[in-house]
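Report on the structure
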Amino acid sequence: MRSFPTNRRIPVRLLALLLLSFALAGLLCAQETLDQDTTKQRDGVDTVITYFADAIDFDVSKRVTVLTGNARLLSRDRELEAGRIDVNWDSQTLTATAIEETLFVDSARTEIDTVMLIGKPHFKQSNEDFTGDEIAYNLKSKMGRVKGGRTAYQDGSYYGEQFKRLSDDALSVRHGEFTTCELDTPHFHFGADILKIEVGRRVIARPVYLYFADVPVLALPYGVFPVQKGRTSGLTTPVFGESASQGRFLRNIGYYWATSDYMDVLGSFDYYEERGILGGADYRYAKKYKLDGRVAFDFDTQRSGEVRKRMWKIEGSHNQTIDQTTRLNVAGSYVSDKSYNRSVGTTQDQLNQTVQSNATLSKSWTNSPWSASVNARFTQNIEKETWTAGAPGVNFTHKQGRLFPAPKAPRGIRFATAPRESKEPWYRAFTWTYRAAYSNDLAKTKTLREDGLQLSSEPNSAWNYTATIIRQDSSHLNDIWQRDGVSHQGSFGATARLFKYVNLSPGLDWKHVWSQRVVHYVPQDTILDRRDETGFFTRTTFGLGSSASTKLYGLAKNPLGIQAQFRHVMTPSVSFRFTPDFSDEEWGYYKTATLPDGRTYEYDRFGSDAASGVVGGTPRGLSEALSFSLQNLFQMKTGNAEDENEKRLDLLSANFSTGVDFKKDSLQWSDISGSFRTQTPGRIIGPLEAISFDVQTTHSLYQRSGYTLTNQFYWDRAGAKWYTPIELTRMSANIGFSLRAEKFSDLFVLRGGEANIVDTTKTPELPLNPAGNPFDKEFARPVLPQSNLKDVETFVDMPISLQIAFRQSRDFVSDTKTSVMGTNLSTSLTPRWDVSMDYNFDLDRRIAQNSGVSITRDLHCWEASLRWSPVGYSPGYYLRIGLKSSQLQDVKIERNRGGNLGGFR
């Protein structure tokens, strides 16, 4: 403990006070409270300061307190820790430094081994956190200075020779640096001569240098970096690259504007050396629990030689919750011409070539089964230059409810309760649903010839001569169709238990429609003239049926000495459905037109080209169909629940289904479909684990003449064998397994593994492209076994995961088959080198369908990755070297050739 100056005489009372202070210092804690009045007179601070230290010294004459050893000072939201803290009460300043600690070689302390600094100053205030060589802070002005300071931000840190507080929310840094590398000598850093940090908002630097180690490689005269949490306005980071077909490019040149907490705007464009400029803007808005939406505009000024073409697309959406039971959803899009989707659109856009707009207002009622909606829609096929629209479309729906509901509590009586039923009556099982809809549809087609004649498109069973010519009604020659209608549809059903073990579910569904137009054809010489009838027309269709199912259980305990219990769960079900033939003349929904030469044409009066979408076409054909299915599940249980070691697993599932339609003239029985699935749980032996097997089969009950089925059962053929009563027509099989080991040497060690409980119903299948897209930055490799990568010193120490799958499908009728093998190998060659290889091979043609190699090198704060696909649907490579930090992910070097990298090729 330090002594006081000797040239001053100390009064006895003061000496006693100092001795008391020394005693308190021995307790390693002290607290001083400044008097409020005195503080104001001296322009001091009005606060309570609490401080702790191993030793506390007071210089009464200079009004200085020195805290030494694990010093800590607390004041409101400020906290300062250091090896030494000097407090000057007159100037209200704190100065924190580290202290030296000397280590000697010998116990006699004659030879110094090491001198090191301990207790580096550390300052915290609200969201500020600084560490430095020296920290000075003024309690009155709330300004400070940090020499050799470092402060953390997200996954990075700022360093400066001197930090100086300019105001409550602004700092000045001289010779500042920023890096996400946590090493004392970082691999890279951004440096600036002057940095201004606006706390919680942004960092302004000038000029800015990028250093690799201590070597500058890039310089910018000015830089603004947002450090605000969440959304913040600023320039987007451009990406430079090169494409094989479009040359060099510069992407993502733009600006992001966070206009408020509820909306933002992003505008950007891409420049391609060979193609031109693409760009767009996206405006978004959202208010939680209320509304959200966006409006996006994209444009393309492509260039082909000296010809330039301008295309654009606009789309938007709006979703709003008006109240708890009312919602509004609007979405729409529009393109300048049909070439936009082919050139710029996504793969899905290129396939469907349509643009759609839709608006729906939906309403439900609290404690009510009723709901309603109003809809308007527009769909355009820009390739065929046709469109359909509907406005308005109105729907009223009653969700499933009881036909005879239970009695409710009487209204108007407080605290009244509903009458209780000792036993629910049988008629409570009946349920019903209802839906009413109206739609007014418009459509533009391109099916007519200039002379108003339309040829029959494809041979159809309705025609007895396929070259019949139809002449459309003159009212349709403008290619615009208008049709409206009303539909009422619903169902009645019930669920009951028969004989305690059988679940019975009868049901009836019906549909009744109104339409103002029906199709009508009039024979005129050798053609049919279409003259649609207008008025009020109705149609009623229905179908009824029932289904029954039950479960049967078989149990076996410790069979053949196996210490386990086995269970067989069998679920048979049968269903019947009856549908009348609504094409019968007595219903009046179908008509037949006869030409003078005897040719006839049977047509649906409510055909889809004459009726509203809610009306639809009329079903035809009498049906009395009976369907059968049988599900089998074999399970095993080991252990005991009381001992907390019980385990259950599914061994095998086998399912079969077929059906018969009694009203068909021929081929009444449908094919028999079968599926078999099994998967072994956990590790089998050594590194072998998770073997899965899946088989799908289709059997026909009828004989075949060439490729055509005949109405003769397969077992009635000449030379039929008793063990082949049905014909196997199609079969597909998948088998897969994996090898996983913490060390490569474990692949050759045979040891059993403990079975884990898995869901065997989710059997992985071989994907169409098991290699995935090797150029997809989100491509995820299989997780390697957990091991200590620091122990990887030789080839036999590296962890490894190998997955192999075989798939074969065969059509025995056409005598074709497809056999594919897929593999995936993942390993860590060293703690910093990861390799993943995928291979997909066609076993029939003996050619590689697709393959890919992914190599990743961990460069501490950087990461290098190479994805290479030598063969397949998108051969090429993609090389990237960039920072791992999420906030600096655009600092990278990229190189690619071929592959699907997005944009233009």
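Residues numbered from 1 in each chain as written. Predicted model: local features only at pLDDT ≥ 70, side-chain atom pairs only at ≥ 80, totals over all residues. Heavy atoms only, no water.

Some remarks on the overall build of the protein
Convention followed: Strands here are runs of E lasting at least two residues and helices are runs of H or I lasting at least four, both read from the DSSP assignment and numbered beginning at the N terminus. Per-residue accessibility, obtained with a 1.4 Å probe over protein chains only, is compared with the maximum for each type, and a residue is labelled buried under 20%, exposed over 50%, and partly exposed between these values. Throughout, a contact is declared for two residues whenever any of their heavy atoms are within 4.5 Å. Exposure was quantified through the Shrake-Rupley algorithm and a 1.4 Å probe, taking into account, for residues, occlusion by the shown protein chains and nothing else.
Looking only at helices and strands, the protein features four helices and 57 strands. Counting only residues that meet the buried cut, the protein has 35% of its 905 residues in that class. For the protein, restricting intrachain contacts to residue pairs at least 6 apart in sequence, the fraction spanning at least 24 positions comes to 50%. When the accessible surface of the protein is totalled, it reaches about 53300 Å², and 55% of it is carbon and sulfur.

A short note on the nonpolar core
Our working rule: Nonpolar core, defined: a set of buried Ala, Val, Leu, Ile, Met, Phe, Trp, Tyr and Cys residues in which side-chain atoms within 4.5 Å join the residues together.
In this structure, Tyr51, Ile85 and Phe188 are the most contacted members of the largest nonpolar core, which totals 40 residues. In terms of residues, this core owes the most to one element, strand β15 (residues 188–198), which gives five residues. Beyond its immediate stretch of four places on either side in the chain, isoleucine 85 contacts Thr65, Val66, Leu67, Ala71, Arg72, Leu73, Leu80, Thr95 and Ala96. Val513, Phe582, Tyr589 and Val615 belong to the second largest nonpolar core, which has 10 residues in total.

Observations regarding empty space enclosed by the protein
Quick note on the threshold: Method remark: on a 1 Å grid restricted to protein atoms, a set of points is classed as a cavity if a 1.4 Å probe fits but cannot get out and as a pocket if it is open with protein on both sides within 12 Å along at least five of seven lines; lining residues have an atom within 4 Å of a point. Grid points are joined across faces, edges and corners, and a volume is the space filled by probe spheres set on the points. Note on residue classes: Ala, Val, Leu, Ile, Met, Phe, Trp, Tyr, Cys and Pro are nonpolar, Asp, Glu, Lys and Arg are charged, and everything else, Gly too, is polar.
Taken as a whole, this structure holds three cavities of 30 Å³ or more when the rule is applied. When its volume is computed, the largest cavity comes out at roughly 100 Å³. Taken together, 13 residues make up the lining of the largest cavity; nearest its centre are Phe130, Gly144, Arg145, Val146 and Arg165. Listed by contribution, the elements that provide at least two residues to the lining of the largest cavity are β10 (128–131), β11 (134–138), β12 (144–153) and β13 (156–167). Taken together, the residues that form the lining of the largest cavity break down as eight nonpolar, one polar and four charged.

Points about the environment of phenylalanine 676
For phenylalanine 676, the position within the fold is in strand β45 (residues 672–679). With relative accessibility at 27%, the residue phenylalanine 676 sits in the partly exposed group. Here the alpha-carbon distance between phenylalanine 676 and serine 653, two residues 23 residues apart in the chain, equals 5.7 Å. Not counting residues within four places of it along the chain, the set of residues in contact with phenylalanine 676 comprises Ser653, Ala654, Phe656, Phe693, Asp694, Val695 and Thr697.

Re the pattern of salt bridges
Note the following rule: We define a salt bridge as a side-chain nitrogen of Lys or Arg found within 4 Å of a carboxyl oxygen belonging to Asp or Glu.
Considering all chains together, one arrives at 26 salt bridges under this definition. A salt bridge links arginine 294 to aspartate 282; the shortest N-O distance between them is 3.1 Å. One end of the pair, arginine 294, is in strand β24 (residues 291–304); the other, aspartate 282, is in strand β23 (residues 276–287), and 12 residues separate them in sequence. Overall, arginine 294 belongs to the partly exposed group, its relative accessible area being 28%. Aspartate 532 is paired through a salt bridge with arginine 517; the nearest N and O atoms lie 4.0 Å apart. Taken together, the positions of aspartate 532 in the loop between β37 (527–530) and β38 (533–549) and arginine 517 in strand β35 (residues 502–518) put the pair 15 residues apart, joining distant regions of the chain. Using a relative accessible area of 13% as the deciding quantity, one classes aspartate 532 as buried. When salt bridges with common partners are traced through the structure, they connect Arg72, Glu79 and Glu81 into a single cluster.

Structural notes on unusual backbone geometry
The linkage connecting arginine 206 with the following residue, proline 207, adopts the cis geometry, with an omega of -20°. As for its placement among the helices and strands, proline 207 is situated in strand β16 (residues 202–212). The omega torsion across alanine 391 and proline 392 is -5°, close enough to zero to call that bond cis. Residue placement: proline 392 occurs in strand β29 (residues 386–402). The backbone phi angle of arginine 63 is positive, close to 50°, even though this residue is not glycine. Mapped onto the secondary structure, arginine 63 falls in the loop between β3 (55–59) and β4 (64–75). Owing to a relative accessible area of 32%, arginine 63 belongs among the partly exposed residues under this scheme. Its identity as a non-glycine residue notwithstanding, histidine 175 has a phi of 55°, on the positive side.

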